[in-house]
Amino acid sequence: LELIRFPVRSSKIAQKENVCRTLIESLDALYSTARHVTGSPQAAEDLVQETARKALEGAESLQHDRNLRAWLFRILVNTIRDSLKRKKLWVETEIALESEDLSAQTLSLTTTVDVRNALSALSVPARAVIVLIDVEEFTILEAASILSVAPGTICSRLARARSGLRQYLKVYEKRVAGQGGTP
Amino acid sequence: VNCSRTRQILYPRPDRAETTIESAAALTHLRECADCRWYFEQQAALSHALKEKLGLEVAPAVLRERVTAQIEKHRAASPPRRFYRKRLLNAAVAVLLLVAAPLVLWLHRLPSEQFFEEVCADHAKYLRAESQLRSSDPSTIESWFHDKTEFGVEAPRYENTKLLGSRLCFLKRHKAALLFYRKSGHPVSLFQMDAGGVNLSALSRSVIDGVPVWHKSLNGFSLVALKRRGVLWVLVSDLNESDLLPLALAAWHQF
């Protein structure tokens, strides 16, 4: 019995170590995501700490071949969702798709503060999809797994979220055009 | 696939899109279409620009310390405790299995052992062939049991073995037909009863000439049992098992 259990136990210990290592490596990314999605540094701290607690608790029962980084982000997103749902702030809102896409050129004319303000004007799920795909560079499938929705939903949410960003950034575009330079 | 479909399939970028059955066709289109390549270059530039503008927020030192402390606490305290708890649990389960397995086996065999002890006791009790019906004619004996048992009693004929008679008896509430024989001066009892509910675990099982046979030496007697059409036949005698086995097999092949 012990002979059979030993490799399983050692593999679980190794898995737990992997979780600890990935948690330390991803700490900035987790905090950054929580900060962008919630807009609050204090909330982000609490959410990441809660995420770390849940991840350490679940480390032993985790499947060995799991994408640990995506798994940590999934815990974070669920923690954010639970926290914001209690405050009724996790609300899916429809953003109309604009015929013109948000472009890198538009962004180059805006400041970091403008983009962050525009992001905070979006709904929380829309912010989450932008941060996961564009900032954290997850694939569509990974983001779908993290947010527990279909890949197709991620694509349409991303397109709408970018469209939403464009609508908010139009103001800055116009201002820049009027001034003939950067705001 | 056309441009619109390609942009849908490979959205937001070919390297991050979901792989579908149309992905290969979309990638082929992309290689040949300058407009689509330009579209995805714009998408990549947009992603890059968003990442640059939003930037990475570095976790505050306080948070890093707290999480590191959580990790250290988990590394230091939990694994050994869980490890020993698991080891203790494994050991307890192993001990329980070692103790419980023979006990369960014994408890299962006990009623069977008691039943066959009673079979032997009944054989010993009627050693003088105290029959209710004295007859050496098998058909007379078989018809005598017609209205006495719910199962069909068969009285086999054996060479060099004399049928003496029969009686009805009860073995642990099992109604049984008891047939008396004598072989080479040794009394042989043949019990027949409904096989349902009789536990044979106290006997050893062998398959001889394709016939499953249960046998054992118990309290100085030899027992050989077999099942025929839902009826359990048990031969008991002070003869050896090897002398009883041919009688059991002969009965099996006779009917």
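These numbers come from a predicted model, not from an experiment. (Residues numbered from 1 in each chain as written. Chains lettered and ligands numbered in written order. Predicted model: local features only at pLDDT ≥ 70, side-chain atom pairs only at ≥ 80, totals over all residues. Heavy atoms only, no water.)

Participant: Would you mind going over the overall build of chain A in detail, with residue names and values included?
Facilitator: Counting its regular elements, chain A contains nine helices and zero strands. Taken from N to C terminus, the helices and strands of chain A fall in the order α-α-α-α-α-α-α-α-α. The buried share among the 183 residues of chain A stands at 49%. Here the analysis covers contacts within chain A between residues at least 6 apart in sequence; of these, 72% occur between residues at least 24 apart. Per element, the accessible surface of chain A, about 8,500 Å² overall, is 53% carbon and sulfur. (Helix = DSSP H or I, 4+ residues; strand = E, 2+ residues; numbered from the N terminus. Buried < 20%, exposed > 50% of the residue type's maximum accessible area, 1.4 Å probe, protein only. Contact = heavy atoms within 4.5 Å. Areas by Shrake-Rupley, 256 points an atom, 1.4 Å probe, with all protein chains shown as cover.)

Participant: Let's hear about the pattern of salt bridges: which residues, and what values?
Facilitator: Under the counting rule described, the total for this entry stands at 19 salt bridges over all chains. One salt bridge in this structure joins Arg35(A) and Glu57(B), with 3.2 Å as the shortest N-O distance. Of this pair, Arg35(A) sits in helix H2 (residues 27-38) while Glu57(B) sits in the loop between helix H3 (34-54) and helix H4 (61-76), each in a different chain. Looking at Arg35(A), the relative accessible area reads 25%, which means it is partly exposed. The structure contains a network of salt bridges with shared partners spanning Glu17(A), Glu72(B) and Arg75(B). (Salt bridge = Lys/Arg side-chain N within 4 Å of Asp/Glu carboxyl O.)

Participant: Go over the packing of H2(A) against helix H7 (residues 124-135) of chain A, please, and point to the residues and values.
Facilitator: Residues and elements named next belong to chain A. Relative orientation of the contacting elements H2 and H7 amounts to 145°, with a least axis distance of 8 Å. Here the hand of the crossing between H2 and H7 comes out right-handed. Where H2 approaches H7, its residues Thr33, His36, Val37 and Thr38 are matched on the opposing element by Val124, Arg127, Ala128 and Val131. Taken together, the residues of the contact of H2 with H7 break down into four nonpolar, three polar and one charged. (Axes fitted to C-alpha atoms, helices over the stretch in contact; angles between N-to-C directions. Left-handed = near helix turned anticlockwise from the far one by under 90°. Nonpolar A, V, L, I, M, F, W, Y, C, P; charged D, E, K, R; others polar.)

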